Amino acid sequence: MKNRKILGSGYAVGKEIVSNEDFEKILDTSDEWISSRTGIKTRRVSPDENSSDLGYRAALMAIEEANISKEDIDLIIVATITPDNITPSCASLIQDKLGLNEQTIMAFDMSAACTGFVYALQTASYMLSDYKCALVIGVDVNSKLMDYTDRNTSILFGDGAGAVIMKQENCNNVMYHYANSTGDHEGFLQGSGLVLPKPLQNGSREVGFLKQNGSEVFRFAVKALEEAVIEVLKKAGKDLDEIDYIIPHQANIRIIRNVAKRMKLSDDKFYTNLDKYGNTSGGSIPIALAEAMKENIIKPGMKIIMVGFGGGFTYAASYIEL
Ligand code: ACO
């Protein structure tokens, strides 16, 4: 994809900090176990803001950084597995919060779990042949899906949103994409949705918690991240040493270190902030991008790869020139 440019990024995280020590009080676990097995020290939980609220805050920051008028936006894609509602979509709710009701805008949500943001970014970059300015958001309030008696899963996740503004511009910047999905036939990572009712019967139909087989997800993740990076590099015709930073899905530091080792890369090539925020699913990669840009670690002119994996099993990588 030629002439695609990310003009600004933003992020917002849940306001409440939950530490590993907080989990020691409710689960048979320890800071030592969680830190050494995952790299996570704290995560943010959002008791009073839903996905559209966090997405809206991230969007405002991205719009300001991009230095555009919000009325320029004609496409909103939100990647989430924890929307406020089945309908309206988070994208429509964020359009409303931005006061863009009178604009001609295509707004919709996408579901690809932790790969969601990369899928959404790729979709937007293709759609920018017909649209001018995309607001792409990844957001999840994972606490809505957590079973806080499940020490395998609940310690991993946090709540947050990241956003970018992407435009078609006359520039030399290019993007290349790779995406894949396996179908997760064995059901290693599942969060059930609406349950089929018995005909004409009312009554409570609970939405299930997120459940996973951690070690199977771990094994898949390492292979998927490596494959996606290799494949997107082939498409871009680049070597690994031409890449300034890789922004991986922030799930577990051991997954990222494993990938670095397999690819003979220094750990420093990977930007990580999962120690602070844990796994924010759809929010993870755009939060990392936005934070790294605010900290001036990732800068305009750099070549980066964003790479994610998640439920489905989906995985994807994008090569981007900032
Ligand atoms: N505290 C203490 N002990 C624990 C905890 C905990 N929080 N969680 C699990 N354990 C125990 C297990 O019960 C097990 O005990 P046992 O040997 O007595 O049975 C032992 O620790 C080892 O368990 P493993 O599952 O082998 O531990 P592992 O090193 O694989 O770490 C983890 C588990 C952290 C879940 C890891 O497998 C992982 O991160 N997997 C990837 C998960 C992931 O990223 N999921 C999100 C995908 S993205 C998306 O789309 C949502």
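Quantities reported herein were computed from a predicted structural model and do not represent experimental measurements.

Rules used throughout
- Residues numbered from 1 in each chain as written.
- Predicted model: local features only at pLDDT ≥ 70, side-chain atom pairs only at ≥ 80, totals over all residues.
- Near = placed C-beta within 6 Å.
- Helix = DSSP H or I, 4+ residues; strand = E, 2+ residues; numbered from the N terminus.
- Nonpolar A, V, L, I, M, F, W, Y, C, P; charged D, E, K, R; others polar.
- Domains from an automatic or database assignment.
- Buried ≥ 20, exposed ≤ 12 C-beta atoms within 10 Å, placed from the backbone.
- Pairing = 2+ DSSP bridges.
- Core = buried A, V, L, I, M, F, W, Y, C linked by C-beta atoms within 7 Å.
- Contact = placed C-beta atoms within 7 Å.
- Axes fitted to C-alpha atoms, helices over the stretch in contact; angles between N-to-C directions.
- UniProt positions renumbered as here; feature names shortened; annotations may be inferred.

On to the site of the ligand, then. The environment of the ligand is made up of 24 residues, and the closest members are Thr29, Ala113, Gly214, Ala251 and Gly310. Breaking the shell around the ligand down by element, the ones donating at least two residues are helix 2 (31-38) and helix 6 (214-236). Counting residues per element, the shell around the ligand draws most heavily on helix 6, which supplies five residues. For the shell around the ligand, a count of residues per class yields eleven nonpolar, eleven polar and two charged. When residues of the shell around the ligand are sorted by domain, at least three fall in each of domain 1 (4-168) and domain 2 (175-321).

Looking now at the pairing of strand 12 (residues 303-310). Taken residue by residue, a regular strand's side chains alternate between the two faces of the sheet. Where burial is concerned, most of strand 12 is hidden: seven out of the eight residues are buried. Bridge count between strand 11 (residues 245-248) and strand 12: four bridges; the pairing is parallel. Directly across from Tyr245, in strand 12, lies its bridge partner Ile304. With eight bridges joining them, strand 12 and strand 13 (residues 314-321) adopt antiparallel strand pairing. Across the sheet, the residue bridging to Phe309 is Tyr315, located in strand 13. The antiparallel pairing of strand 12 with strand 13 creates a hairpin that spans three residues between the two strands, and Gly312 there sits at a positive phi of about 135 degrees.

Take the nonpolar core next. Counting residues in each nonpolar core, the largest one holds 96 residues, and the members touching the most others are Ile77, Val136, Ile137, Ala228, Met306 and Ala317. Broken down by element, this core gets its largest block of residues, ten residues, from helix 6. The two domains that each donate at least three residues to this core are domain 1 (4-168) and domain 2 (175-321). Among residues more than four places away in sequence, those in contact with Val136 are Ile77, Ala120, Leu121, Ala124, Ala163, Val164 and Met166.

Taking strand neighbours across the sheet as the criterion, the four strands line up as 8-13-12-11 in an open arrangement whose pairing is mixed. Unpaired on one side and paired on the other, strand 8 (175-181) and strand 11 mark the two borders of the sheet. The mean angle between the axes of side-by-side strands here comes to 10 degrees, regardless of whether they run parallel or antiparallel. Lying on the sheet, helix 6 is in contact with strand 8, strand 11, strand 12 and strand 13; it crosses strand 13 at an angle near 40 degrees.

Let us now look at the UniProt feature "domain: Beta-ketoacyl-[acyl-carrier-protein] synthase III C-terminal" (unreviewed entry) in the protein. Under the local residue numbering, the UniProt record ascribes the feature "domain: Beta-ketoacyl-[acyl-carrier-protein] synthase III C-terminal" (unreviewed entry) to residues 233-321. Between the C-alpha atoms that bound residues 233-321 the distance is 13 Å, and the span itself is 33% helix and 22% strand.

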